[in-house]
Amino acid sequence: MIAKDWLLFLRQYAPVPRNDNMYDETIQRSAQRAGVEPILFEHPAQTHVISCFNQDSADPVSVILTGTAGDGKTHLCRQVWIALRGDPALWGSDNPYLSLKYHYPKDRTTWPETQDPNLYREVTIHFIRDLSGWAPQQGSAWDQNKLDLLLRLCRAIFDPASDEVFLIAANDGQLIECWRRLPDAEPVVKARSLLEKLLVEDHQTEKGTRLKMFNLSRWDSAEIFDRAYSALLEHPGWATCTQEVPGETQVFGPKCPIRRNYELLQTPLVHSRLRSLIQLCDYNGLHLPIRQLLLLLSNAILGHPDCNDHLMRPSDVPKLIRSGTLSKASLFNNILGGNLSDTRRQSITIFDYFDRFQLGYETSNKVDNILIFGEGDPHFGELFNSLVRSDPLYGADEAFFAARDAYIAGGEDDEKESKEFLNMLVAQRRGLFFRIPDELAETLGLWELSVFRFAGEYLSQVIKILRDGQCVKRPILSRLVKGLNRIFTGMLINSEREILLATSGNYSQAKISRLLVDRVSVEPRHGERVALSLSNSGRATLTVHLSDTIEENLELNLVRYEFLSRIATEGALPASFSKECYEDLLAFKTRLLSAHKTRRDTDGASEGLGLRILNVTSQGLPEDRFVEVIT
Amino acid sequence: MTYLSQRLNPLENVDSSMWIDEAIWGHMLYDEQTPWLIYLEFLNVLFDHHSRGIAFTEPQGFNKLKYWAAWRLELRNILYNSPRLFQIRVGTTNDQARWREWHKSMSRAGGIDQPDFSYLQPRFHSFDDFADVVELLRSTGIEATTNKRWTSKYVFPYGKDCVFEDLDQNARTNDRHFFRRSGELLYLMLCRSSLKEELLSLLVPALQDESAPWNKLVRLLQPETANPKGAERANAFLPYPFHPTYDALAQDWIAILKLHMPGYDALPHLVNLAAFHLVQYQLRVARDVAGVPTPFRIVCELVAPKKTLVREVSWDLYQENNLLSTQAITAYIDAVEQSDEWQYAKTQPGAFVRCRNILRTKVLWGDDYEAASNPEDLINTLRFAAKQRHKQHGAEIHRNYGREIGLVSKRGTLKLRYAPNDDLLKSLLLANLPVRMELHQFLALLWDRYALIFGDREAEVVLPKAEFDKKSFQANARRLEYRLASLGLLKRLSDGCAYVLNPYARKDK
């Protein structure tokens with residue numbers, strides 16, 4: 001393997017029109033052709049999946065691997081095949097269906113000490129590694145053999161004495177579609193509703209059934225990212241690049257942008273910021289498959305807007321060095337897909353998700369002051385030097401200074417020039433996002449460079465704290481409660497010690513709700529309390545306890561956290577993501593009101609004929625006036 | 001279309017200038033009666049009949065509906081004809097003085113011969129409390145914030161003591177300006193639904209709970225009297241003993257009521273769905289009467305940032321559907337003209353008189369006809385007059401009700417088309433999901449039940465090739481998916497698989 005082969009191979013992971021390295025089926029062949037090892041790492045689910053079939057299990061059950069395209073379903077299937085000593089040649093065939101036989105203990109509880117064949121039973125393991133390739137096309141009829149096989153699966157799921165198990169890889173859409181097309185026999189209907197339940201309710205298994213569902217899209221993307229990141233950066237291919245002692249203008253020479261990007265990507269700060277972005281996507285319910293993560297990393301290293309497919313080949317490097325457009329290969333820009341055309345970028349999941357952070361377009365006065373007026377300034381000069389000037393390639397270069405001077409001095413007719421400078425500012429702000437060290441993050445308002453100003457706090461003060469088993473700080477909870485109260489009442493209320501449940505009288509989701517139904521204490525009181533915790537699936541959750549047995553949960557994703565925090569601190573939000581959240585939170589209020597009614601019914605309390613009318617004092621405190629009617 | 005052959009005979013002694021719109025759809029669908037007013041008129045009938053133990057029945061036979069509607073003049077004067085109330089509250093400090101002032105200001109309350117509001121003061125601790133209650137009831141009222149006359153403003157229907165009919169400016173009579181029988185038609189439809197018993201059992205506890213605090217509160221603003229003021233109403237007419245819409249509507253209402261939503265949250269959905277089904281009824285009947293051969297289609301756009309093919313198809317179909325009711329009118333008259341009876345009469349001596357008699361019995365028209373005395377001119381005049389008459393109100397139902405319920409809109413463009421808003425989507429979803437459903441199945445269901453088309457699968461089947469573009473419809477379905485997800489009504493699993501969820505569905509199976 002030489003450096004060129006590796007870099008060209010790596011390029012196949014990036015957004016090129018035919019990226020063979022995106023599919024487990026084709027990557028083996030393309031790696032062989034290139035004479036390069038594929039980028040390999042163990043999926044965190046791998047041991048769980050394999051242990052369903054190996055000696056960890058005395059009574060294997062069927063397994064369905066589901067998830068988004070690119071989550072590694074086929075790859076995991078292959079790992080099971082290998083672990084069960086399946087024939088690699090068979091796997092290399094095109095057949096989407098394979099099977100093998102394996103022996104498991106007859107008593108279905110423990111593995112015997114001896115090899116005595118009488119103690120074992122033979123189990124057939126059916127592999128359907130590509131359900132959509134195997135099932136008939138939409139509109140065509142079922143092949144009888146296939147139909148029989150799936151019917152056997154449906155029965156096996158509910159039959160404790162079954163001697164066959166299945167391993168199926170399919171994305172959830174195909175799975176549901178496939179089962180919908182099966183005839184409505186009793187085991188099919190049962191299996192169908194089981195699959196639906198496991199998928200929609202995010203469960204792995206249901207008691208009394210012999211099926212496990214692994215939804216790979218529910219795995220922590222950040223954890224997978226770490227593995228992909230290490231596997232890529234530690235790939236032996238990089239060693240070949242440095243071994244060759246390249247010259248000044250050659251690939252991986254001192255000026256080579258590929259090398260620069262490779263080195264930058266290794267810095268802990270870049271890693272941790274990138275990881276934060278991926279983690280935040282997870283916490284916003286936006287899942288990133290492995291395929292997208294590898295695409296991100298390879299594009300980050302190889303991106304350059306002026307090259308073919310916007311990705312550098314080794315042969316491009318000398319030309320780029322000569323043309324003086326190296327700064328356009330900026331890793332920071334590439335991470336956000338900035339090297340690609342708008343349409344191309346928007347069509348790629350990970351860049352579409354990253355776009356939502358609006359990195360480079362959001363900013364603060366402080367950051368822009370550093371960038372524009374920082375040079376030589378008594379306050380900002382030092383920061384400018386350490387954060388901007390220090391990077392000779394992607395920091396402030398001659399072109400930046402020239403454009404900045406023209407912008408500061410320029411008249412109104414220099415629209416084109418100022419536009420160019422504003423574009424440069426976008427790139428520089430993106431650079432800053434990956435360069436501002438943690439200790440300066442708060443002072444410089446790192447997360448103000450994104451639309452999610454509270455994202456940093458969300459990760460460090462909420463998610464991490466909860467994961468460490470600690471309690472979230474009181475001021476944060478208070479702020480969230482205040483945000484909720486403002487939405488629940490439609491008034492600029494400052495109350496943060498209790499949740500105000502209010503309606504308009506005839507509509508629980510009215511914009512302005514002036515009729516107080518009840519106050520729920522945030523501090524524990526008679527079973528009432530409001531708390532933040534982690535759900536089973538590892539998501540932050542705000543729980544309002546109305547009594548020891550009655551509670552309602554709200555998943556506190558990033559968008560909701562940002563929304564509530566801004567409502568609490570600023571009172572209002574730009575329209576962009578407010579409507580969705582607003583509806584969401586009003587629906588939560590409706591759920592709380594229903595729960596409150598349940599509590600009242602349980603207590604046997606009546607509604608009474610009085611009204612509590614809510615007003616806000618000039619200090620923003622809630623004040624309710626009790627209006628009683630005499631009957 | 002067997003229902004068409006069972007059309008019921010016209011009412012006797014109707015004060016209608018002809019009987020064509022009425023014969024086709026009933027007496028009558030009125031475009032200026034907003035969905036909420038339809039619902040309120042419906043409640044007037046329901047509450048009265050329920051109190052007499054005849055709810056959802058037609059004990060005297062088809063189209064003999066009679067009911068008594070309350071006026072509740074004291075309540076309405078307090079809420080909507082007492083402009084000085086807040087002035088008095090602010091300008092006077094002493095509680096007694098406030099009451100005194102206010103009573104004085106009410107001495108000429110509308111429609112009441114000898115106004116007496118003395119029952120109020122003992123029922124409240126203070127004038128302040130009274131004023132607060134009034135303000136609250138006003139703020140939740142229906143049409144309360146419009147500049148309509150005080151007699152056309154209504155209390156939110158918390159219960160039976162909140163319901164009354166529309167009255168003229170002086171509160172002396174009902175002039176049928178806003179309550180014009182669309183609600184009576186709604187009531188008759190449900191009377192003839194096979195699901196009426198189940199529906200009634202769900203409606204009654206929800207609406208008839210007299211002890212509900214809000215209803216009680218409204219009752220306290222009214223005097224206790226043995227002879228409440230009100231009036232007898234009659235003469236509603238629904239032409240068909242049976243139509244699929246009756247059951248479809250009842251089915252949707254039942255589904256909503258079974259969700260046990262908190263408080264009165266179910267009501268906006270009932271109102272929306274009622275008007276939605278009235279539109280469906282009008283269009284479907286019109287198609288059958290006019291004998292339109294193409295399938296009934298309502299292509300819905302989820303508003304896109306730019307013009308799309310879906311929008312264009314939706315424009316066209318909106319136009320097409322908008323003309324249906326007028327086509328039905330023409331077809332109805334054509335049928336009279338082509339009838340054997342007419343063709344025979346035309347050839348007989350005294351053809352004109354014979355033909356006019358046919359029109360007198362068939363469409364209750366012809367007495368005032370003064371133009372040329374021949375059958376051709378006679379029927380052409382009828383055709384013209386009927387279309388003119390239909391244009392004023394009947395032809396506007398599709399458009400006006402459609403806009404009111406959020407089915408029809410100009411959002412993002414200049415022309416009307418079908419672009420359902422969030423509220424309507426929510427109502428349709430809640431009415432159709434027991435717990436959850438795969439999105440494509442849901443779209444198939446919307447097509448099957450309401451002829452609504454969002455996605456490519458349904459569009460491909462019913463649209464001509466030239467109007468179908470897979471990508472546009474897929475994008476449209478995707479926009480729907482995003483909308484529903486943002487309303488918390490959809491869970492996306494992965495690419496191409498999503499479930500629509502009913503957040504109110506009960507977890508107990």
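Since this is a predicted model, take the numbers as computed values, not measurements.

Moving on: the overall build of chain B. Looking only at helices and strands, one finds 20 helices and nine strands in chain B. The C-alpha radius of gyration computed for chain B amounts to 26 Å, which stays within 12% of the reference 23 Å derived for 509 residues, consistent with globular compactness. Out of the 509 residues in chain B, the part that is buried amounts to 46%. Counted over contacts in chain B with a minimum sequence separation of 6, partners at least 24 positions apart contribute 71%.

Let us look at the overall build of chain A. Looking only at helices and strands, chain A features 27 helices and 12 strands. Once the C-alpha set of chain A is aligned to its principal axes, its extents read approximately 80 × 80 × 50 Å. The buried share of chain A, taken over its 631 residues, is 41%. Sequence-distant contacts, at least 24 apart, represent 63% of the contacts inside chain A between residues at least 6 apart.

Taken residue by residue, the interface counts 32 residues in chain A and 32 residues in chain B. Every element with two or more residues in the side of chain A that touches chain B is listed here: α8 (172-180), α9 (186-201), α27 (578-603), β11 (610-616) and β12 (622-628) of chain A. Among the elements that line the side of chain A that touches chain B, the one with the most residues is α27 of chain A, at eight residues. When grouped by side-chain class, the residues that make up the side of chain A that touches chain B number 13 nonpolar, 12 polar and seven charged.

On to helix α13 (residues 268-283) of chain A, then. Three or four residues apart is the spacing at which side chains of an α-helix point the same way, because the helix has 3.6 residues per turn. Residue and element names in this part refer to chain A. The end-to-end C-alpha distance of α13, which contains 16 residues, comes to 22 Å, matching closely the 22 Å that a straight helix rising 1.5 Å per residue would cover. Residues Val270, Arg273, Leu274, Ser276, Leu277, Ile278, Gln279, Leu280, Cys281, Asp282 and Tyr283 constitute the buried set of α13. Immediately beyond the C-terminal end of α13, within one or two residues, lies Gly285, with a positive phi of roughly 80 degrees.

Residue and element names in this part refer to chain A. The antiparallel open sheet is built from three strands, whose spatial order is β8-β9-β10. Each edge of the open sheet carries a strand with a single partner, namely β8 (529-534) and β10 (551-555). With strand direction ignored, the average angle separating the axes of adjacent strands in the sheet is 25 degrees. The strands touched by helix α24 (residues 455-467) are β8 and β9 (540-545); relative to β8, the strand with the most contacts, the crossing angle is about 75 degrees.

Moving on, we come to the confidence of the model for chain B. Residues and elements named next belong to chain B. Per-residue pLDDT for chain B has a mean of 92; in total, 97% of the residues score no lower than 70. Averaged pLDDT values for the elements of chain B fall to 83 in strand β8 (residues 490-494) and rise to 98 in strand β7 (residues 452-453). On the interface metric, ipTM, the complex scores 0.81, and its pTM is 0.87.

The next subject is the domain arrangement of chain B. In many analyses, interface size is given as the accessible surface area lost on bringing the parts together. All names here are of chain B. In terms of domains, chain B is made up of domain 1 (29-236) and domain 2 (245-509). Distance between the C-alpha centres of domain 1 and domain 2: 31 Å. At the junction of the two partners, domain 1 supplies 22 residues and domain 2 supplies 25 residues. Listing elements by their share of the side of domain 1 that touches domain 2, those giving two or more residues are α2 (35-51), α7 (182-191) and α8 (196-207). The element that contributes the greatest number of residues to the side of domain 1 that touches domain 2 is α8, accounting for six residues. Considered class by class, the residues forming the side of domain 1 that touches domain 2 number 14 nonpolar, four polar and four charged.

Right, let's get into the domain arrangement of chain A. Examined at the domain level, chain A breaks down into domain 1 (3-17 + 220-355), domain 2 (46-218), domain 3 (365-449) and domain 4 (468-628). Each of domain 2 of chain A and domain 3 of chain A has a C-alpha centre, and these two points are 56 Å apart.

Each strand in a sheet pairs with another by means of backbone hydrogen bonds, the pair being arranged parallel or else antiparallel. Residue and element names in this part refer to chain A. Taken in spatial order, the five strands make up an open sheet running β2-β3-β4-β1-β5, and their pairing is mixed. The open sheet terminates on both sides in strands that have one partner only, identified here as β2 (97-105) and β5 (211-215). Across this sheet, the average inter-strand angle for adjacent strands is 15 degrees, counted without regard to direction. Relative to strand β3 (residues 120-128), β2 runs antiparallel, the two being bridged by nine bridges. The partner of Tyr104 across the bridge, within β3, is Arg121.

Counting residues in hydrophobic clusters, the biggest one holds 314 residues, and the most contacted among them are Leu65 and Ile258 of chain A together with Ala274 of chain B. Among the elements that take part in this core, helix α11 (residues 267-290) of chain B stands out by supplying 15 residues, more than any other. Not counting residues up to four positions away in its chain, the partners in contact with Ile258 of chain A are Leu7, Val251, Phe252, Ile301, Leu302, Met312 and Val317 of chain A.

So, about the pairing of β11 of chain A. All names here are of chain A. Here β11 runs beside β12; their pairing, made up of seven bridges, is antiparallel. Considered in β12, the bridge of Leu611 is made with Val627. In this antiparallel pair of consecutive strands, β11 and β12, the connection spans five residues, and Gly620 shows a positive phi of 80 degrees.

This next bit is on the environment of Thr93 of chain B. Secondary-structure assignment places Thr93 of chain B in the loop between α4 (85-91) and α5 (95-105). In the structure, Thr93 of chain B is positioned 34 residues away from Phe127 of chain B in sequence and 10 Å away in space, judged by C-alpha atoms.

With that settled, consider the packing of α2 of chain B against α11 of chain B. Residue and element names in this part refer to chain B. At a minimum axis distance of 9 Å, the contact between α2 and α11 shows a crossing angle of 100 degrees. On the basis of their axis angle, the class for α2 and α11 is roughly perpendicular. Along its contact with α2, which presents Pro35, Trp36, Ile38 and Tyr39, the element α11 presents Leu270, Val271, Asn272, Ala274 and Ala275. Along the lines of polarity and charge, the residues of the contact of α2 with α11 split into eight nonpolar, one polar and no charged.

Here we take up the pairing of strand β6 (residues 498-503) of chain A. Residues and elements named next belong to chain A. Extensive coverage of β6 is indicated by the burial of five of its six residues. Two elements, β6 and strand β7 (residues 515-521), share six bridges in a ladder whose sense is antiparallel. Note that in β7 the partner of Ala502 across the bridge is Leu516.

Moving on to unusual backbone geometry. Across the junction of His27 of chain B and Met28 of chain B, the peptide omega takes the value -10 degrees, indicating a cis bond. Of note, Met28 of chain B is situated in the loop between α1 (21-24) and α2. Backbone geometry at Phe252 of chain A places phi at a positive 65 degrees, although glycine is not the residue there. Tracing the chain through its elements places Phe252 of chain A in the loop between α11 (236-243) and α12 (257-266). Residue Phe252 of chain A is classed as buried on the basis of its 23 C-beta neighbours within 10 Å.

All right, on to the packing of α11 of chain B against helix α12 (residues 309-338) of chain B then. All names here are of chain B. Here α11 crosses α12 at 45 degrees, and the two axes come no closer than 8 Å. The angle between α11 and α12 falls in the class oblique. α12 is crossed by α11, and the crossing has left-handed handedness. Between α11 and α12, the residues in contact are Gln282, Leu283, Ala286, Arg287, Val289 and Ala290 and Asn321, Leu324, Ser325, Gln327, Ala328, Ala331 and Tyr332, respectively. Class assignment of the residues belonging to the contact of α11 with α12 gives a composition of eight nonpolar, four polar and one charged.

Next up on the list: the environment of Thr343 of chain A. Within the secondary structure layout, Thr343 of chain A lies in helix α17 (residues 342-346). It is 29 Å that separates the C-alpha atoms of Thr343 of chain A and Asp368 of chain A, two residues lying 25 residues apart in sequence.

All names here are of chain A. For helix α7 (residues 144-158), spanning 15 residues, the distance from its first C-alpha to its last is 22 Å, which sits close to the expected 21 Å at 1.5 Å a residue. Along α7, the residues classified as buried are Leu150, Leu153, Cys154, Ala156 and Ile157. Around the axis of α7, the buried residues are gathered within 165 degrees of arc, so they sit on the same side. Within α7, the exposed residues directed more than 90 degrees away from the buried face are Gln144, Asn145 and Asp148.

In this section: the environment of Leu324 of chain B. Within the element layout of this structure, Leu324 of chain B appears in helix α12. If we skip the residues at most four places from it in the chain, Leu324 of chain B touches Leu283, Ala286, Arg287, Ala290 and Val292 of chain B.

About the cut-offs
Residues numbered from 1 in each chain as written. Chains lettered and ligands numbered in written order. Predicted model: local features only at pLDDT ≥ 70, side-chain atom pairs only at ≥ 80, totals over all residues. Helix = DSSP H or I, 4+ residues; strand = E, 2+ residues; numbered from the N terminus. Rg over C-alpha atoms; globule rule 2.2 N^0.38 Å. Buried ≥ 20, exposed ≤ 12 C-beta atoms within 10 Å, placed from the backbone. Contact = placed C-beta atoms within 7 Å. Nonpolar A, V, L, I, M, F, W, Y, C, P; charged D, E, K, R; others polar. Expected span 1.5 Å × (residues − 1). Pairing = 2+ DSSP bridges. Axes fitted to C-alpha atoms, helices over the stretch in contact; angles between N-to-C directions. pLDDT = per-residue confidence, 0-100. Domains from an automatic or database assignment. Core = buried A, V, L, I, M, F, W, Y, C linked by C-beta atoms within 7 Å. Parallel < 35°, antiparallel > 145°, perpendicular 65-115°, else oblique. Left-handed = near helix turned anticlockwise from the far one by under 90°. Arc of directions from axis to C-beta.

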